[in-house]
Amino acid sequence: AQKVTQAQTEISVVEKEDVTLDCVYETRDTTYYLFWYKQPPSGELVFLIRRNSFDEQNEISGRYSWNFQKSTSSFNFTITASQVVDSAVYFCALLQGGGGSNYKLTFGKGTLLTVNP
Amino acid sequence: SAVISQKPSRDICQRGTSLTIQCQVDSQVTMMFWYRQQPGQSLTLIATANQGSEATYESGFVIDKFPISRPNLTFSTLTVSNMSPEDSSIYLCSVEVQVAYNEQFFGPGTRLTVL
């Protein structure tokens, strides 16, 4: 069985602070995919990044960066110089690579990030 | 990516009634999924809907309660039957756009409140 743990239920920061959202996963598959989604108060789920299990290279996109470490089964997400518009619930998710009936996206419980002005 | 729309965006329903939620995609996709997000909770997969075959339901979800249709490659419906207040949730449709990239995109969701 696969599992995603986001230990931080809520985080509150002041604007311009850096913040890291933690994600730890469990899977027996050797091929899998990790995702981060953002859910603002409007409720829509916004895709942020996908990373496959064979690519441990860290990625940076503007103020966002992701650190994937297979040795610790972690896929952490850092927002640099946070802004009020970053306030949202962030979900980490794991997709098995088996395809067919094994195609299932498992979500963590989410982390509510509040960025205060 | 794909543009996904859902109807209705929100609804308030009476206990015992049923609601059908529509999901429309702007391109043909093989795999469509329905998720439920209860208040303050994470997303839980209800079922996978593939065109030309019956939906595959996850543990805890049954066809009688959540019948799904998938008449073509751009459209699906989810019905929430015989509703109770516990069904109050956001229901989200998602699609896998490119099989090779395993990217899954979500619709805007349908906010359902059952009184």
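Just above, that's the structure.
Counting starts from 1 at the beginning of each chain's written sequence and moves along it residue by residue. As a convention, the first chain written is A and the first ligand written is 1, with the rest following in written order. Two thresholds apply to this predicted model, a pLDDT of at least 70 for residue-level local features and 80 or more for giving and counting side-chain atom pairs, whereas whole-chain, interface and lining totals are computed over all residues. The side-chain quantities take in all heavy atoms of the structure and omit both hydrogens and water.

Caption draft 1: Broad picture of the overall build of chain A. Counting its regular elements, chain A contains zero helices and twelve strands. The order of helices and strands in chain A, counted from the N terminus, is β-β-β-β-β-β-β-β-β-β-β-β. C-alpha atoms define the radius of gyration, and 2.2 Å times the number of residues to the power 0.38 defines the globule rule. Here the C-alpha atoms of chain A give a radius of gyration of 14 Å, agreeing with the 13 Å that 2.2 N^0.38 yields for 117 residues. Taking the principal axes of the C-alpha coordinates as reference, chain A spans close to 45 × 30 × 20 Å. Burial statistics for chain A: of 117 residues in total, 44% are counted as buried. The contacts of chain A with a sequence gap of at least 6 include a subset with a gap of at least 24, amounting to 56%. The helix and strand labels rest on DSSP assignments: H or I over at least four residues marks a helix, E over at least two residues marks a strand, and numbering proceeds from the N terminus. Residue burial is assigned from relative accessible area. The probe radius is 1.4 Å, only protein chains are included, and a residue is buried under 20% of its type maximum, exposed over 50%, and partly exposed in between. Pairs of residues are marked as contacts when any of their non-hydrogen atoms sit within 4.5 Å.

Caption draft 2: View of the layout of surface pockets. Each pocket or cavity is described by its volume, and for the largest pocket that value is around 510 Å³. Buriedness of a pocket was judged along seven lines, with at least five required to meet protein on both sides within 12 Å; pockets are open sets of points on a 1 Å grid over the protein atoms alone, cavities are sets where a 1.4 Å probe fits but cannot get out, and lining residues have an atom within 4 Å of a point. Residue lining of the largest pocket: 27 residues in total, with Gln39 and Val89 of chain A together with Gln37, Gly40 and Gln41 of chain B positioned closest to the centre. Taken together, the elements giving at least two residues each to the lining of the largest pocket come down to β1 (3-5), β10 (88-96) and β12 (111-116) of chain A together with β9 (89-96) and β11 (110-114) of chain B. In the scheme used here, Gly and all other residues not listed as nonpolar or charged are polar, with Ala, Val, Leu, Ile, Met, Phe, Trp, Tyr, Cys and Pro taken as nonpolar and Asp, Glu, Lys and Arg as charged. Among the residues making up the lining of the largest pocket, the classes are represented as eleven nonpolar, 14 polar and two charged. Grid points are joined across faces, edges and corners, and a volume is the space filled by probe spheres set on the points. Roughly 320 Å³ of internal volume is contained in the second largest pocket. Thr106 and Phe107 of chain A together with Ser42, Leu43 and Thr44 of chain B are, among the 18 residues lining the second largest pocket, the residues nearest its centre. In the lining of the second largest pocket, the residues fall into six nonpolar, seven polar and five charged.

Caption draft 3: Focus on the pairing of strand β4 (residues 31-37) of chain B. Residues and elements named next belong to chain B. Of all seven residues making up β4, seven are buried, and the element is well covered by its neighbours. Burial along β4 is two-sided: the residues Met31, Phe33, Tyr35 and Gln37 and Met32, Trp34 and Arg36 are all buried. In the sheet, β4 pairs with strand β5 (residues 43-50) via seven bridges, with the strands oriented antiparallel. The residue of β5 that forms the bridge with Met31 is Asn50. A pair of strands counts as paired when DSSP detects no fewer than two bridges linking them. Joining the antiparallel neighbours β4 and β5 is a turn of five residues, in which Gly40 adopts a positive phi near 70°. Here six bridges tie β4 to β9, and the two strands are oriented antiparallel to one another. Bridge pairing in β9 links Phe33 to Ser94.

Caption draft 4: Structural context of the interface of chain A and chain B. The interface is formed by 20 residues belonging to chain A together with 20 residues belonging to chain B. Buried area counts how much accessible surface, traced with a 1.4 Å probe, disappears from two parts once they are put together, with both parts' losses summed. Roughly 1700 Å² of surface becomes buried between chain A and chain B when both sides are summed, with 54% attributable to carbon and sulfur atoms. Between N or O atoms, a polar contact is any pair within 3.5 Å; within protein, one atom must be a potential hydrogen donor and the other a potential acceptor, and residues adjacent in sequence are included only when both atoms are from side chains. Here chain A is connected to chain B by five residue pairs in polar contact (both at pLDDT 80 or more). At the level of secondary structure, the elements contributing two or more residues to the side of chain A that touches chain B comprise β5 (32-39), β6 (46-52), β10 and β11 (105-107) of chain A. Residues belonging to the side of chain A that touches chain B are distributed by class as follows: eleven nonpolar, five polar and four charged.

Caption draft 5: Representation of the packing of aromatic side chains in the model. Between 30 and 60 degrees the pair is tilted, below 30 it is stacked and above 60 it is edge-to-face, where a pair is any two Phe, Tyr or Trp rings, Trp via its six-membered ring, whose centres lie within 6.5 Å. Scanning all chains against the criterion turns up 20 aromatic pairs over all chains. Aromatic pair Tyr37 of chain A and Phe47 of chain A: ring centres 5.9 Å apart, planes at 70°, arrangement edge-to-face. Here Tyr37 of chain A, found in strand β5, pairs with Phe47 of chain A, found in strand β6; they are ten residues apart in sequence, far enough to count as distant. On the accessibility criterion, Phe47 of chain A (21% relative accessible area) is partly exposed. Taken together, a centroid distance of 5.2 Å and an interplanar angle of 90° make the contact between Tyr64 of chain A and Phe77 of chain A edge-to-face. Placement of the pair is Tyr64 of chain A in strand β8 (residues 64-69) and Phe77 of chain A in strand β9 (residues 74-79), with a sequence separation of 13 residues. Through a chain of ring-to-ring contacts, the aromatic side chains of Phe35, Tyr37, Phe47, Phe91 and Phe107 of chain A together with Tyr35, Phe105 and Phe106 of chain B assemble into a single cluster.

Caption draft 6: Inspection of the side chain of Arg51 of chain A at higher detail. Residue and element names in this part refer to chain A. As for its placement among the helices and strands, Arg51 is situated in strand β6. Residue class for Arg51 comes out buried when judged on its relative accessible area of 8%. Among the polar contacts made by the side chain of Arg51, one reaches the side chain of Asp55 at a distance of 3.2 Å. Those residues in contact with Arg51 that lie beyond four places of it in its chain are Tyr32, Tyr33, Leu34, Gln57, Asn58, Glu59, Phe68 and Phe75.

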